[in-house]
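Observations on the three-dimensional arrangement
Given next are the chains, with one letter for each unit.
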Amino acid sequence: WPVSSTWADGQLRIAGLGVRELAAEYGTPLYILDEADFRARCTAYVDAFPDGDVHYGGKAFLAPAVVGWLAELGLCLDVCSGGELAVARVGGMPPERVVFHGNNKSSAEIRQAVAWGVGCIVLDSLHELERVTAAGEDLGTRQKVMVRVKPGIDAATHAALATGGERTKFGLSMASGDAAEAVRRVLAEPHLELVGLHSHIGSQIFDLESFGLAARRMVAFLRTIEREHRVTIGHLDLGGGLGFRYLPGDPPAPTPAELAEVLRAAVPGDIRLAVEPGRSIAGRTTVALYEVGTVKEHFVAVDGGMSDNPRPATYGAVYTAALASRESDAEPRRMTVVGKHCESGDILIEDVDLPGDIAPGDLIAIPCSGAYQRASASNYNLVTRPPVVAVGESGARVIVRRETEEDLLRLYPETRA
Ligand code: LLP
């Protein structure tokens, strides 16, 4: 649960605000984000890397308000699309603190990034190197770039989240010589300036030794390049991916300070370190709130589902939940929380103990809903996407508004309202 959660007068409260009142005001499904918690997790990373840079992984969850907090707290921002770039801009992030990622950035996105003056573009292929060069030529700029390298590490995580092995689509292979070739071309290209190397071995990784191993390989590669080309590459960005505990029974997650210790042991002090945490900042800050609509056999059906949280269906992600709107003395029953979508795989939680008297109108809260949920929500079944409300000392404010059916109908050019 977010740091400022309490249970009082029978309901869950975050920053003192009760879920019953929040649901009445903003409707359900609803994401409730604890702003103080988000800020504290940002600060913990900044404190853990005093001589380095913390690039928040915007893909976990981004909104202009979040960009404002990051800018204020001294973080940088990792974006991976023209859309995230646009939110970074309207949210007030200084462009030099933005790093642009992605394995297939379009020419238009690259132009947009170069024209805005982003601090760095992470090159993921030789084609991209040409596109960034072309944008630099057209706009008369020298763009700072990093080269994304595959360190050849198969970290223990879900296959869809592993990105450090040789078979991943991301980056250029150290083993095949592609990464060295990209570096050679960047160094020879006057419109590009090589400022560092990048790797990201995957997401939801608990084994700190995987990060240490990646760091050592990247340092060795960086030193080889420095020797061969007689240059100094002062910067190593080792990506995000620190594991995060979704369930009370999960192993404890390493802290940012523990990650920093392992990385610092592997990376000499003359190399500036950067990390890109997403989930370990945003994950715990947010609760998803749903209203129960139907209880049938062991099924508790809520008013959202796989459109606002595709993670259980996509990665077999496991969550817990609690009745959040009232107290109950009823015996717990093992239930399955399902959504309202037209398929059997629309399960939010397979087995969870909820009070046996759970009934329509009750509110269910799912903690640890801050990362890759609202960010990967879809309009499946033409369901509208939920809002995000940030709560804190000064009350509640909508930072992403609820989508409406009018928003959806606007997509069809031939439709009259
Ligand atoms: N940097 C890069 C280059 C990345 O690709 C990612 C995540 C991160 C940083 C942040 O990783 P984090 O600290 O959040 O683990 N949708 C999946 C997760 C996909 C992760 C994509 N890349 C999920 O819901 O688990």
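Parameters and conventions
Residues numbered from 1 in each chain as written. Predicted model: local features only at pLDDT ≥ 70, side-chain atom pairs only at ≥ 80, totals over all residues. Helix = DSSP H or I, 4+ residues; strand = E, 2+ residues; numbered from the N terminus. Rg over C-alpha atoms; globule rule 2.2 N^0.38 Å. Buried ≥ 20, exposed ≤ 12 C-beta atoms within 10 Å, placed from the backbone. Pairing = 2+ DSSP bridges. Contact = placed C-beta atoms within 7 Å. Domains from an automatic or database assignment. Nonpolar A, V, L, I, M, F, W, Y, C, P; charged D, E, K, R; others polar. pLDDT = per-residue confidence, 0-100. Axes fitted to C-alpha atoms, helices over the stretch in contact; angles between N-to-C directions. Left-handed = near helix turned anticlockwise from the far one by under 90°. Parallel < 35°, antiparallel > 145°, perpendicular 65-115°, else oblique. Near = placed C-beta within 6 Å. Expected span 1.5 Å × (residues − 1). Arc of directions from axis to C-beta.

Considerations on the overall build of the protein
- For the protein, the helix and strand inventory stands at twelve helices and 21 strands.
- In terms of overall size, the protein behaves like a compact globule, its C-alpha atoms giving a radius of gyration of 23 Å where 417 residues would be expected to give roughly 22 Å.
- Principal-axis analysis of the C-alpha atoms places the extent of the protein at approximately 70 × 55 × 40 Å.
- Among the 417 residues that make up the protein, the fraction classed as buried is 47%.

Considering the environment of Gly-140
- Its location among the elements puts Gly-140 in the loop between helix H6 (126-139) and strand E9 (143-150).
- Gly-140 sits 272 residues away from Tyr-412 along the chain, and the two C-alpha atoms are 40 Å apart.

Topic: unusual backbone geometry
- A cis amide bond links Thr-28 to the next residue, Pro-29, at an omega of -10 degrees.
- If you check the backbone angles, Ala-15 has positive phi at about 50 degrees while not being a glycine.
- Position of Ala-15 relative to the elements: it lies in the loop between strand E2 (11-14) and strand E3 (17-18).
- What makes Ala-15 buried here is the crowd of 22 C-beta atoms within 10 Å.

Looking at the sheet that holds E3
- Spatially, the three strands line up as an open sheet ordered E1-E2-E3, and their pairing is antiparallel. Each having just a single partner strand, strand E1 (5-8) and E3 make up the two edges of the open sheet.
- As judged from the four bridges shared by E1 and E2, these two strands associate in the antiparallel manner. What sits directly across from Trp-7, in E2, is Leu-12.

Regarding the environment of Met-335
- Along the chain, Met-335 turns up in strand E17 (residues 332-338).
- We classify Met-335 as buried; it has 22 C-beta atoms within 10 Å.
- Remark: the alpha-carbon pair of Met-335 and Val-295, spanning 40 residues in sequence, is separated by 9.6 Å.
- In contact with Met-335, other than residues within four places in its own chain, are His-298, Val-300, Val-352 and Leu-354.

Here's the deal with the pairing of strand E20 (residues 388-392)
- Most of E20 is tucked away: four of the five residues are buried.
- Sheet topology note: the strand E4 (residues 30-34)/E20 ladder contains four bridges and is parallel. The residue bridging Leu-33 from the neighbouring strand is Ala-390, located in E20.
- Pairing analysis gives five bridges linking E20 to strand E21 (residues 395-400), with the strands arranged antiparallel. Bridge pairing in E21 places Val-388 opposite Val-400.

A short note on the domain arrangement of the protein
- The assigned domain composition of the protein is domain 1 (5-33 + 284-409) and domain 2 (35-282).
- Using only C-alpha atoms to locate each centre, domain 1 and domain 2 end up separated by 32 Å.
- Taken together, the 22 residues of domain 1 in the interface contact 18 residues of domain 2.
- The set of elements that each furnish at least two residues to the side of domain 1 that touches domain 2 consists of E20 and E21.
- Element by element, the count of residues in the side of domain 1 that touches domain 2 is highest for E20, at four residues.
- Here the residues of the side of domain 1 that touches domain 2 are counted per class, giving 15 nonpolar, five polar and two charged.

Things to note about the confidence of the model for the protein
- Per-residue pLDDT for the protein averages 96, and the proportion of residues at 70 or more is 100%.
- With pTM at 0.97, the complex prediction returns an ipTM value of 0.99.

A look at the packing of helix H2 (residues 35-48) against helix H3 (residues 64-73)
- One can describe the packing of H2 onto H3 by two numbers: an axis separation of 10 Å at closest approach and a directional angle of 35 degrees. The handedness of the crossing between H2 and H3 comes out as right-handed. Residues Phe-38, Arg-39, Cys-42, Thr-43 and Val-46 of H2 touch H3, and the partners they reach there are Trp-69, Leu-70 and Leu-73.
- Of the residues that constitute the contact of H2 with H3, the class distribution is six nonpolar, one polar and one charged.

Digging into the packing of helix H8 (residues 208-229) against helix H9 (residues 256-266)
- With their axes 8 Å apart at the nearest point, H8 and H9 run at an angle of 30 degrees to one another. Regarding the angle of H8 to H9, the classification is roughly parallel. Pair H8 / H9 crosses with right-handed handedness. Every residue of H9 that contacts H8 at Leu-208, Phe-211, Gly-212, Ala-215, Arg-216 and Val-219 is listed here: Glu-258, Leu-259, Val-262, Leu-263, Ala-265 and Ala-266.

Topic: the site of the ligand
- The ligand sits among 23 residues. The nearest are Gly-57, Ser-203, Gly-240, Gly-278 and Tyr-372.
- For the shell around the ligand, the secondary-structure elements that each account for two or more residues are helix H10 (279-282) and helix H11 (311-315).

Considering H8
- For H8, built from 22 residues, the straight-helix expectation of 32 Å at 1.5 Å per residue is met to within 8% by its first-to-last C-alpha distance of 32 Å.
- Taken together, the buried positions of H8 are Ser-210, Phe-211, Ala-214, Ala-215, Arg-217, Met-218, Phe-221, Leu-222 and Ile-225.
- Next to the buried residues of H8 lie E9, helix H7 (178-188), strand E11 (192-198), strand E12 (235-237) and H9.
- Note on H8: the residue one or two positions beyond its end, Arg-230, has a positive phi of about 50 degrees.

With respect to H7
- Buried residues of H7: Ala-179, Ala-182, Val-183 and Val-186, and no others. Relative to the axis of H7, the buried residues are bounded by an arc of 100 degrees and lie together on one face.
- Looking at the buried positions of H7, the neighbouring elements they touch are strand E8 (120-123), H6, E9, strand E10 (172-173), E11 and H8.

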